[in-house]
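Overview (structure and organization)
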Amino acid sequence: MVTIARADQPSPLELIIEPLPVGDDNRPGFLARLLERLRPVLKRNRTTLIFTNIRSIAERVCWCLRRRYPAQAPLFAVHHSSLAPERRREQVAGWCAAG
């Protein structure tokens, strides 16, 4: 059985592609800079998708977010093609329940 639902989008979607500045010896590492950049975005939005081009980076970002924001840790999840289908369904169900 398939059910198709159409929901009105109350606000426009926003896509931002923003490279991080290259690090140097006086600046924190890539993940630290990324987490700092994400902080205001995560704070002002109910949902945020973060795309990476490497699965290991996606997993590291998720791990770092869970450590930095332990109260919201269950809300952070990695979704990539290497996940078992059942695990992906669990994550999507969790997102839907939280949202």
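Whatever comes next refers back to the structure up there.
Residues numbered from 1 in each chain as written. Predicted model: local features only at pLDDT ≥ 70, side-chain atom pairs only at ≥ 80, totals over all residues. Heavy atoms only, no water.

**Comments concerning the overall build of the protein**
Regarding its fold elements, the protein presents 3 helices and 0 strands. Start at the N end of the protein and walk to the C end: the helices and strands fall as α-α-α. Here the protein, with 99 residues, has 19% of them falling under the buried criterion. In the protein, the proportion of contacts linking residues at least 24 apart, taken out of those at least 6 apart, comes to 28%. Working note: accessible area of the protein is about 8,500 Å², and carbon and sulfur atoms make up 57% of it. (Helix = DSSP H or I, 4+ residues; strand = E, 2+ residues; numbered from the N terminus. Buried < 20%, exposed > 50% of the residue type's maximum accessible area, 1.4 Å probe, protein only. Contact = heavy atoms within 4.5 Å. Areas by Shrake-Rupley, 256 points an atom, 1.4 Å probe, with all protein chains shown as cover.)

**Some remarks on the environment of Arg39**
Tracing the sequence through the fold places Arg39 in helix 1 (residues 30-44). Since its relative accessible area comes to 44%, Arg39 is described here as partly exposed. Separated by 30 residues in sequence, Arg39 and Tyr69 place their C-alpha atoms 9.9 Å apart.

**Quick look at the nonpolar core**
In terms of nonpolar packing, the biggest core is built from 13 residues, with Leu31, Leu34, Val61, Leu65 and Phe76 touching the most fellow members. Secondary-structure elements contributing two or more residues to this core are helix 1 and helix 2 (55-68). Among the elements that line this core, the one with the most residues is helix 2, at 6 residues. If we skip the residues at most four places from it in the chain, Leu31 touches Arg60, Val61 and Cys64. (Core = buried A, V, L, I, M, F, W, Y, C linked by side-chain atoms within 4.5 Å.)

**Structural notes on the pattern of salt bridges**
This structure, assessed with the given rule, holds 3 salt bridges. Close ionic contact of Glu36 with Arg68 constitutes a salt bridge, the shortest N to O distance being 3.0 Å. Of the two residues, Glu36 sits in helix 1 while Arg68 sits in helix 2, which places them 32 residues apart along the sequence. Its salt-bridge partner being Glu59, residue Arg55 comes within 3.6 Å of it at the nearest N-O pair. With Arg55 and Glu59 both in helix 2 and 4 residues apart, the pair spans about one turn of that helix. On the basis of relative accessible area, Arg55 is assigned to the partly exposed category, the value being 45%. (Salt bridge = Lys/Arg side-chain N within 4 Å of Asp/Glu carboxyl O.)

**As for the environment of Leu65**
Looking at the secondary structure, you find Leu65 in helix 2. Each C-alpha atom of the pair Leu65 and Leu31 lies 9.9 Å from the other, and the pair is 34 residues apart in sequence. Apart from residues lying up to four places away in sequence, Leu65 is in contact with Leu35, Leu42, Ile50 and Phe76.

**Focus on the packing of helix 1 against helix 2**
Here helix 1 crosses helix 2 at 65°, and the two axes come no closer than 11 Å. The hand of the helix 1/helix 2 crossing is right-handed. Here Leu31, Leu34, Leu35, Glu36 and Leu42 of helix 1 come into contact with helix 2, specifically with Arg60, Val61, Cys64, Leu65 and Arg68. When grouped by side-chain class, the residues that make up the contact of helix 1 with helix 2 number 7 nonpolar, no polar and 3 charged. (Axes fitted to C-alpha atoms, helices over the stretch in contact; angles between N-to-C directions. Left-handed = near helix turned anticlockwise from the far one by under 90°. Nonpolar A, V, L, I, M, F, W, Y, C, P; charged D, E, K, R; others polar.)

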